[in-house]
Amino acid sequence: MSELGFIKIDPKSTVAPYQQVREQILSAIAKGKLAPGTKLPSVRALSGTLNLAVNTVAKVYKELELQGAVVTRGRHGTVVQAAENRAEQEVSDAAADLARIAQLWSVDEATAVKYLRAAFSSLPR
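Residues numbered from 1 in each chain as written. Predicted model: local features only at pLDDT ≥ 70, side-chain atom pairs only at ≥ 80, totals over all residues. Heavy atoms only, no water.

Q: An account of the domain arrangement of the protein is needed here, citing residue identities and associated values.
A: We note that the domain assignment places domain 1 (17-80) and domain 2 (84-122) within the protein. For domain 1 and domain 2, the distance between their C-alpha centroids amounts to 22 Å. Contact residues are listed per partner, giving six residues for domain 1 and seven residues for domain 2. Contact with domain 2 buries area across many residues of domain 1, yet Glu23, Ala30 and Gln67 alone supply 54% of it, more than any other trio. Applying the counting rule to domain 1 against domain 2 returns one salt bridge. Taking the shortest distance from any N to any O, the salt bridge between Arg100 and Glu23 comes out at 2.5 Å. Along the contact surface separating domain 1 from domain 2 lie two residue pairs in polar contact (both at pLDDT 80 or more). Partitioned by chemical class, the residues of the side of domain 1 that touches domain 2 number two nonpolar, two polar and two charged. (Domains from an automatic or database assignment. Contact = heavy atoms within 4.5 Å. Buried area = accessible area lost by both parts, 1.4 Å probe. Salt bridge = Lys/Arg side-chain N within 4 Å of Asp/Glu carboxyl O. Polar contact = N/O pair within 3.5 Å; in protein donor to acceptor, adjacent residues only side chain to side chain. Nonpolar A, V, L, I, M, F, W, Y, C, P; charged D, E, K, R; others polar.)

Given below as structure tokens:
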């Protein structure tokens with residue numbers, strides 16, 4: 001568990017605990033604190049350490065896997081996956097931030113995407 005000993009849950013935060021955990025893991029991967037190939041604790045172990053429900057940690061791992069940050073290998077556990085492209089990882093992180101902020105302010109997906117498109121169209125070509 002020492003690999004993820006840096007994760008702290010802020011109970012006063014408006015950000016859901018699973019999002020706090022996901023963001024801290026993504027940040028650690030981006031900063032090289034969690035290197036590719038690093039095995040993450042089991043869902044049960046991490047949930048026990050953080051005093052979170054098993055389903056909460058399972059949701060974190062599932063989202064990280066969908067983002068391509070980790071890969072689950074059955075009985076071999078969940079490991080940090082090498083980022084194929086640093087730029088794509090940065091964009092993925094920014095997209096996760098956009099989604100979190102939109103949800104925090106009750107902005108629906110279609111509106112958030114509209115803002116993203118507007119931002120793209122305003123960039124110099």
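This is not the end of the story, as more comes after the structure.
Q: Now, about unusual backbone geometry: what can you tell me, with residues and values included?
A: Glycine aside, residues mostly have negative phi, and peptide bonds are mostly found in the trans state. Unusually for a residue other than glycine, Asn51 sits at a positive phi of about 55°. Overall, the relative accessible area of 69% leaves Asn51 in the exposed class. A positive phi angle, close to 60°, is found at Ser106, a residue other than glycine. (Buried < 20%, exposed > 50% of the residue type's maximum accessible area, 1.4 Å probe, protein only.)

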